Amino acid sequence: LLAGTASAQPTNPVPALVTRDGRHALMVDGAPWLMLGAQVNNSSNYPAMLPQVWPTIRAMHANTVEVPIAWEQVERKEGQFDFSFLDQLLAEARQNNVRLVILWFATWKNTSPNYAPSWVKLDNKRFPRMTNAKGETHYALSPHSHATLEADKRAFVKLMEHLKAADPQNTVIMVQPENEAGTYGSVRDFSPVAQKAFDGPVPQALLTRFGKRPGNWKTVFGADADEYFHAWSVAHYIDEIAAAGKAVKPIPMYVNAALAAAFGRQLANSYASGGPVHHVIDVYKAAAPSIDLVAPDIYARDHGPYLEYLRLYGRPDNALMVPETGNAAEFARYFYPVVGKGGIGFAPFGMDDTGYYNFPLGARTLDAATLDLFARNYRMFAPMMRHWARLAFAGKTWGVAEPTDPKAEHRQVMELGKYRATATFGQYQFGVDKPTGNPQPTGGLAIAEIGPDEYLVAGFDTRVTFALADTKSGRSMLYDRIEEGHYDAQGDWVFDRVLNGDQTDYGLNFTGRPQVLHVKLGSYKGN
Ligand code: N0T
């Protein structure tokens with residue numbers, strides 16, 4: 001319209017992970033975003049499969065889909081690149097009004113090089129595999145090969161260049177370089193080149209992070225030396241790839257972990273050693289400054305370990321995100337502690353209709369009833385996800401999932417500051433009976449503080465009561481006003497009715513109906 005108004009054109013900020021006061025937000029289009037995610041099956045990364053992806057994604061009401069892009073698919077012949085699937089994926093994601101997370105399956109996919117092109121995975125001479133402690137060839141590619149790193153990096157940079165050109169609207173909001181990196185069956189690479197590095201000095205960044213004095217790996221880290229060395233080597237390799245990609249387009253990048261046991265310490269050759277398991281998060285932080293966060297793939301069904309993983313990975317220096325979780329019914333409720341702890345995203349794995357089910361990790365079959373347990377959460381949260389993400393970034397959210405440990409007595413407590421909320425599971429709505437748990441563990445509840453003495457409360461298959469946290473205040477709490485309503489497509493609150501009487505006198509009941517409440521609490525002197 002006018003010359004020199006270029007700066008007045010609408011800008012499209014690149015997605016970013018921001019941290020403030022030890023809390024995190026994934027900024028998408030300039031505001032915090034809550035990833036109501038889903039990950040497709042591994043081999044759904046071809047155009048012919050997409051018609052079997054979108055119906056499931058739509059049924060879930062997901063707003064973000066995680067899809068692999070494989071090195072073998074974009075560079076089948078060395079130096080010849082083909083991003084036609086990515087183009088198709090971008091177009092169809094936009095039609096379906098969802099954002100994307102790209103999973104770069106390359107040097108390591110569940111630790112193996114199966115997704116590397118044939119010219120890589122069949123050429124041990126040029127792209128060496130690791131050597132185990134016995135001197136035998138190990139299946140995994142070595143993180144100490146410069147040639148492998150350069151080849152992977154070159155393809156990844158091409159991918160990011162393509163994204164930069166083909167995705168000015170940032171349909172892709174995050175990228176995951178590699179997938180479940182690390183190594184099964186050998187704690188580290190014992191090849192001569194690796195051994196030489198192992199006998200050499202520990203890098204300064206790691207010494208600083210751990211407050212250690214200089215030395216070689218064994219003298220500095222003792223029993224942890226082998227695994228820390230491997231974690232450093234793998235993380236550093238991925239960091240170089242991520243940094244080169246970010247130099248093209250600086251969108252958030254994360255790595256996902258095939259987890260070690262939540263409690264206790266296993267032998268390092270019994271899990272993906274060198275991957276971002278919880279006890280090496282600090283190694284990753286030192287080795288991979290270009291990686292925005294490390295994330296747990298949680299397939300543990302039990303409440304205890306699940307919550308422990310959330311605790312281990314949700315840190316002031318590490319945003320909580322669950323990029324993969326089981327798609328069996330009992331995983332759906334874990335959405336609530338994730339969003340309650342300010343998590344930026346949650347994604348069940350295997351969400352398409354291509355006929356593969358990774359039981360016992362996930363569902364035996366993804367039937368409609370199972371799918372709907374995930375869908376009901378997203379349906380309810382979709383219109384308020386921006387609102388929720390802002391509140392989470394401000395540290396004003398809580399959430400619980402139905403526990404299965406008998407010691408928990410079907411009860412979870414949330415300390416909200418001035419108030420305490422107690423959630424119980426498997427009780428009649430009148431609330432005089434003891435909680436016995438739901439027929440299957442489906443209960444989940446999230447609470448956000450939206451104003452003084454006022455809370456947004458939403459969930460399913462849960463009862464909740466509020467009380468003053470200070471039981472000796474000489475005051476009694478009452479429900480001043482409880483509004484039931486919903487958020488509209490613009491994210492504004494729409495009042496439907498006031499809850500009172502039986503609906504509030506004995507506690508608030510969340511059933512299988514989607515229910516969002518605004519609960520205003522009050523108190524009076526006397527008890
Ligand atoms: C996950 C998924 C996919 C015997 C498994 C979990 C995804 C990857 N890996 O369906 O392969 O790409 O990130 C590995 C869990 C191993 C447990 C072995 C139990």
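Keep in mind the model is a prediction, meaning the values are calculated, not measured.

A. Up close: the overall build of the protein chain. From N to C terminus, the protein chain includes 15 helices and 23 strands. Referenced to the eigenvectors of the C-alpha coordinate spread, the extents of the protein chain come out at roughly 80 × 65 × 50 Å. Here the analysis covers contacts within the protein chain between residues at least 6 apart in sequence; of these, 73% occur between residues at least 24 apart. On the protein chain, roughly 21600 Å² of surface is accessible, and the fraction owed to carbon and sulfur atoms is 52%. Averaged over its 51 positive side-chain charges, the protein chain has a centre that lies 4 Å from the centre of its 54 negative ones.

B. Spotlight on the pattern of salt bridges. Under the counting rule described, the total for this entry stands at 23 salt bridges. Here Asp167 ties to Arg94 by a salt bridge, and the two come within 2.8 Å at their closest N and O atoms. Of this pair, Asp167 sits in the loop between helix H5 (146-166) and strand E9 (172-179) while Arg94 sits in helix H3 (residues 84-95), placing them 73 residues apart in sequence. Here Asp167 falls in the buried class, since its relative accessible area comes to 0%. Owing to a relative accessible area of 31%, Arg94 belongs among the partly exposed residues under this scheme. Linked by salt bridges that have partners in common, Arg209, Asp282, Arg315 and Asp317 make up one network.

C. The arrangement of the side chain of Ser142 in detail. Along the polypeptide, Ser142 turns up in the loop between strand E8 (137-141) and H5. Leave out the neighbours within four places in its chain, and Ser142 touches Pro128, Arg129, Met130, Asp189 and Tyr237.

D. Molecular detail of the site of the ligand. Inspection of the region around the ligand gives Asn42, Lys109, Asn110, Asn179, Glu180, Asn256, Asp297, Tyr299, Glu324, Phe349, Asn358 and Leu361 as its neighbouring residues. A distance of 2.9 Å separates an oxygen atom of the ligand from a polar atom in the side chain of Lys109. Measuring from an oxygen atom of the ligand, one finds a side-chain N or O atom of Glu324 at 2.6 Å. A total of 500 Å² of accessible area belongs to the ligand in isolation, and the protein chains cover 62% of it. In the shell around the ligand, the residues fall into 3 nonpolar, 5 polar and 4 charged.

E. Summary view of the sheet that holds strand E18 (residues 454-460). Read across the open sheet, the 6 strands follow the order E14-E17-E18-E23-E20-E21; overall the sheet is antiparallel. Edge positions in the sheet fall to strand E14 (397-401) and strand E21 (493-499), since each has one partner strand and no second. With strand direction ignored, the average angle separating the axes of adjacent strands in the sheet is 30°.

F. Representation of the packing of aromatic side chains in the model. All chains considered together, the criterion is met by 27 aromatic pairs. Judged by centre distance (5.3 Å) and plane angle (85°), the ring pair of Phe335 and Tyr336 falls under edge-to-face. The class for Phe335 is buried, based on a relative accessible area of 0%. Tyr336 sits in the buried class, given a relative accessible area of 1%.

G. Structural context of the pairing of strand E13 (residues 345-348). In E13, alternate side chains face the same way, and those of Gly345 and Ala347 on one face and Phe346 and Pro348 on the other are all buried. Alignment of strand E4 (residues 35-39) against E13, held across 2 bridges, turns out to be parallel. In the strand pairing of E13, Met35 is matched with Gly345. Pairing between strand E12 (residues 321-325) and E13: 3 bridges, direction parallel. Following the sheet pairing, Val322 is matched in E13 by Phe346. In the classification by handedness, the crossover that spans E12, the intervening helix H12 (residues 335-340) and the parallel E13 is right-handed.

H. Region of the structure containing the sheet that holds strand E16 (residues 419-424). The 4 strands lie next to each other as E15-E16-E19-E22, forming an open sheet whose pairing is antiparallel. The open sheet is flanked by strand E15 (411-415) and strand E22 (508-510), the only strands paired with a single partner. Between one strand axis and the next, the sheet turns by 25° as a mean value, whatever way the strands run. Here E16 pairs with strand E19 (residues 462-468) via 6 bridges, running antiparallel. If you follow Tyr419 over to E19, its bridge partner there is Leu468.

I. Expanded view of the pairing of strand E10 (residues 254-258). Of all 5 residues in E10, 5 are buried; the element is thus mostly enclosed. Along E10, one buried face is formed by Tyr254, Asn256 and Ala258 and the opposite face, lined by Val255 and Ala257, is buried too. Pairing geometry for E10 and strand E11 (residues 293-298), over 5 bridges, is parallel. Looking at the pairing, Ala258 lines up with Asp297 of E11. For the crossover from E10 across helix H10 (residues 281-287) to E11, the handedness is right-handed.

J. Spotlight on a nonpolar patch on the surface. A surface patch of nonpolar side chains, amounting to about 320 Å² of accessible area, comprises Phe430, Val432 and Tyr506. Along the chain, Phe430 turns up in the loop between E16 and strand E17 (444-451).

K. How the structure looks around helix H13 (residues 368-381). Across its 14 residues, H13 extends 20 Å between first and last C-alpha, which sits within 8% of the 20 Å expected from 1.5 Å per residue. At Phe374, H13 shows its maximal bend, which comes to roughly 30°. Burial within H13 is extensive, with 10 of its 14 residues counted as buried. Of all the positions in H13, only Thr370, Leu371, Leu373, Phe374, Ala375, Arg376, Asn377, Tyr378, Met380 and Phe381 are classed as buried.

L. Quick look at the domain arrangement of the protein chain. Partitioning the protein chain into structural domains gives domain 1 (6-394) and domain 2 (401-525). Between domain 1 and domain 2, the residue contacts involve 19 residues of the former and 28 residues of the latter. Interface area, domain 1 with domain 2, both sides summed: about 1800 Å², of which 70% is carbon and sulfur. If you look at where domain 1 meets domain 2, you find 1 salt bridge. Note that Asp461 and Arg376 form a salt bridge whose closest N and O atoms lie 3.0 Å from each other. Linking domain 1 to domain 2 there are 5 residue pairs in polar contact (both at pLDDT 80 or more). Taken together, the elements giving at least two residues each to the side of domain 1 that touches domain 2 come down to H12, H13 and helix H14 (385-393). Here the element with the most residues in the side of domain 1 that touches domain 2 is H13; it accounts for 5 residues. Tallied by class, residues from the side of domain 1 that touches domain 2 come to 12 nonpolar, 3 polar and 4 charged.

So, how was this worked out
- Residues numbered from 1 in each chain as written.
- Predicted model: local features only at pLDDT ≥ 70, side-chain atom pairs only at ≥ 80, totals over all residues.
- Heavy atoms only, no water.
- Helix = DSSP H or I, 4+ residues; strand = E, 2+ residues; numbered from the N terminus.
- Contact = heavy atoms within 4.5 Å.
- Areas by Shrake-Rupley, 256 points an atom, 1.4 Å probe, with all protein chains shown as cover.
- Lys, Arg positive; Asp, Glu negative; His and termini not counted.
- Charge placed at Lys NZ, Arg CZ, Asp CG, Glu CD.
- Salt bridge = Lys/Arg side-chain N within 4 Å of Asp/Glu carboxyl O.
- Buried < 20%, exposed > 50% of the residue type's maximum accessible area, 1.4 Å probe, protein only.
- Near = heavy atom within 4 Å.
- Polar contact = N/O pair within 3.5 Å; in protein donor to acceptor, adjacent residues only side chain to side chain.
- Nonpolar A, V, L, I, M, F, W, Y, C, P; charged D, E, K, R; others polar.
- Pairing = 2+ DSSP bridges.
- Axes fitted to C-alpha atoms, helices over the stretch in contact; angles between N-to-C directions.
- Phe/Tyr/Trp six-rings, centres within 6.5 Å; stacked < 30°, edge-to-face > 60°.
- Right-handed = clockwise from strand over helix to strand, strands pointing away.
- Patch = residues over 30% accessible without salt bridge, like charges linked within 9 Å, V, L, I, M, F, W, Y side chains within 5 Å.
- Expected span 1.5 Å × (residues − 1).
- Bend = angle between axes of the 7 residues up to and from the residue.
- Domains from an automatic or database assignment.
- Buried area = accessible area lost by both parts, 1.4 Å probe.

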